[in-house]
Amino acid sequence: MRAITFAEYGGPDVLKLSEVPVPEPGPGQVRLAVRAAGINPIDWKIRGGGMAQNFPVDFPHTPGLEVAGVVDAVGEGAGLSVGDEVFGWSETGAYAEYALGKTLAPKPTGLSWADAVALPVAGETSLRVLNLLEIREGETLLIHGASGTVGRFAAQVAVAKGLTVIGTGGSRSLDDLKSLGVIPVLYGDGWPERVREAAPGSVDAVFDTSGHGVLPGSVELRGSQDRIITIADAAAFELGLTFSSGGEQSREVLEGIAGWVTDRGVTIAHGKSYPLADAAAAQTESEGGHPGGKLTLTIG
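To start, this report covers the structure provided alongside it.

Calculation rules
Residues numbered from 1 in each chain as written. Predicted model: local features only at pLDDT ≥ 70, side-chain atom pairs only at ≥ 80, totals over all residues. Heavy atoms only, no water. Axes fitted to C-alpha atoms, helices over the stretch in contact; angles between N-to-C directions. Helix = DSSP H or I, 4+ residues; strand = E, 2+ residues; numbered from the N terminus. Parallel < 35°, antiparallel > 145°, perpendicular 65-115°, else oblique. Contact = heavy atoms within 4.5 Å. Buried < 20%, exposed > 50% of the residue type's maximum accessible area, 1.4 Å probe, protein only. Lys, Arg positive; Asp, Glu negative; His and termini not counted. Salt bridge = Lys/Arg side-chain N within 4 Å of Asp/Glu carboxyl O. Pairing = 2+ DSSP bridges. Right-handed = clockwise from strand over helix to strand, strands pointing away. Polar contact = N/O pair within 3.5 Å; in protein donor to acceptor, adjacent residues only side chain to side chain.

### Some details on the packing of helix α1 (residues 41-48) against helix α10 (residues 279-288)
Turning to step 1, where the next piece is worked out: Running from amino to carboxyl end, α1 crosses α10 at an angle of 105 degrees, the nearest separation of the two axes being 9 Å. Judged on the interaxial angle alone, α10 and α1 are roughly perpendicular. In this structure, α1 uses P41, D43, W44 and R47 to contact α10, whose residues at the interface are Q283, S286 and E287.

Structure follows, in structure tokens:
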């Protein structure tokens, strides 16, 4: 089968389109004929070697966490059948024509492959952090990077839960945020003053998805260090703030995430979809920032 691999840490040029053996599912696993793979910042951070201490890999390595596709073969006790359309987490790398996985859920009817593969990371991260922030109806939540894949998902959930959501974003995203019920605020120099103008009352909680040095200003806005969580800025450790990473990967979590889309109207903003052979270009766009929506690989 064709798969993207890299045999050393480095830039996008280390990614190669390779011929590798088709993997065989073990107990609890299924093999997917991959239809779409999600592109995430952690993919190129691992490729670059910056995550080697926390996420060591064996070479050659196939990147990709998020996968959606059709069950092609089933291991003992997997709980799925050949022909099932599923989405979730890949255990062997999603940038490939076939992948193995255990933590998968049925793809809801009517959900596109691109929609389905955009859900695991953004949905799990959003729901985890909102739960940690203990958000409550009637409160005001500030989301840094609300136009990104995670921030946009979290903003819609918070609005549905009855919060006033202030979301920072670039000038091109402000109308989209407003259409979601978010109070849009332009990011960049002077953002704290613009947030104060948008929310004359207090900011009850802050969710930083951007990692662009906004934590000190967020502490100033809150007047304390509590109820500020980042998923992107290591300065949190020096500032005594919460850095949230990881989370629960389960079928139940995936089904709950999908429910927000199918039953509660949460929408996904899509960026460009690349063919498998152009994975390096997809990672380059992700690394450059501001892709305008979820980046994916279309496979099969």
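### Comments concerning the side chain of D233
Turning to step 1, where the next piece is worked out: Among the secondary structure elements, D233 is positioned in the loop between β12 (228-230) and α8 (236-239).
Turning to step 2, where the next piece is worked out: For D233, which is buried and forms no salt bridge, the nearest opposite charge comes from K45, at a distance of 10 Å.
Turning to step 3, where the next piece is worked out: Non-local contacts of D233, meaning those with residues more than four positions away in its chain, are made with D208, G211, G213, V214, L215 and F243.

### Re the pairing of strand β8 (residues 140-144)
Turning to step 1, where the next piece is worked out: Summarising burial for β8: 5 of the 5 residues are buried, a large majority.
Turning to step 2, where the next piece is worked out: The side-chain alternation of β8 yields two buried faces, one formed by T140, L142 and H144 and the other by L141 and I143.
Turning to step 3, where the next piece is worked out: Bridge count between β8 and strand β9 (residues 164-169): 4 bridges; the pairing is parallel. Paired with T140 across the two strands is T164, which belongs to β9.
Turning to step 4, where the next piece is worked out: With helix α4 (residues 149-160) bridging β8 and its parallel neighbour β9, the resulting β-α-β unit is right-handed.
Turning to step 5, where the next piece is worked out: Alignment of β8 against strand β11 (residues 205-208), held across 4 bridges, turns out to be parallel. The residue bridging L142 from the neighbouring strand is V206, located in β11.

### Some remarks on the pairing of strand β15 (residues 294-298)
Turning to step 1, where the next piece is worked out: Counted residue by residue, β15 has 4 buried out of 5 residues, so it is predominantly covered.
Turning to step 2, where the next piece is worked out: Examined bridge by bridge, strand β3 (residues 30-38) and β15 share 3 bridges and lie antiparallel to one another. Note that in β15 the partner of A37 across the bridge is L297.
Turning to step 3, where the next piece is worked out: Note that strand β14 (residues 270-275) and β15 share 4 bridges and pair parallel. Directly across from H270, in β15, lies its bridge partner K294.
Turning to step 4, where the next piece is worked out: Crossover connection from β14 via α10 to parallel β15: handedness right-handed.

### Comments concerning unusual backbone geometry
Peptide bonds are mostly trans, and most non-glycine residues show a negative phi.
Turning to step 1, where the next piece is worked out: Of note, the amide linkage connecting F59 to P60 takes the cis form, showing an omega dihedral of -5 degrees.
Turning to step 2, where the next piece is worked out: Along the chain, P60 falls in the loop between α1 and β4 (66-74).
Turning to step 3, where the next piece is worked out: Phi at E134 takes a positive value of approximately 55 degrees, unusual for a residue other than glycine.
Turning to step 4, where the next piece is worked out: With respect to the helices, strands and loops of the structure, E134 is situated in the loop between α3 (119-132) and β8.
Turning to step 5, where the next piece is worked out: Even without being a glycine, R227 presents a positive backbone phi close to 60 degrees.
Turning to step 6, where the next piece is worked out: Note that R227 resides in the loop between α7 (215-222) and β12.

### Observations regarding the environment of P275
Turning to step 1, where the next piece is worked out: Examined against the element boundaries, P275 turns out to sit in strand β14.
Turning to step 2, where the next piece is worked out: Assessed through its relative accessible area of 42%, P275 is described here as partly exposed.
Turning to step 3, where the next piece is worked out: Note: C-alpha distance between P275 and R222 (53 residues apart in sequence) is 44 Å.
Turning to step 4, where the next piece is worked out: Setting aside anything within four residues of it in sequence, one finds P275 in contact with L297 and T298.

### Brief notes about the environment of E139
Turning to step 1, where the next piece is worked out: Summarising the element assignment, E139 is placed in the loop between α3 and β8.
Turning to step 2, where the next piece is worked out: For E139, a relative accessible area of 11% puts it in the buried group.
Turning to step 3, where the next piece is worked out: Taking C-alpha positions, E139 is 6.1 Å from D204, a pair spaced 65 residues apart along the chain.
Turning to step 4, where the next piece is worked out: Once residues within four sequence positions are removed from consideration, E139 is found in contact with E134, L163, T164, D204 and R227.
Turning to step 5, where the next piece is worked out: Within polar-contact distance, the side chain of E139 engages the side chain of R227 at 2.7 Å.

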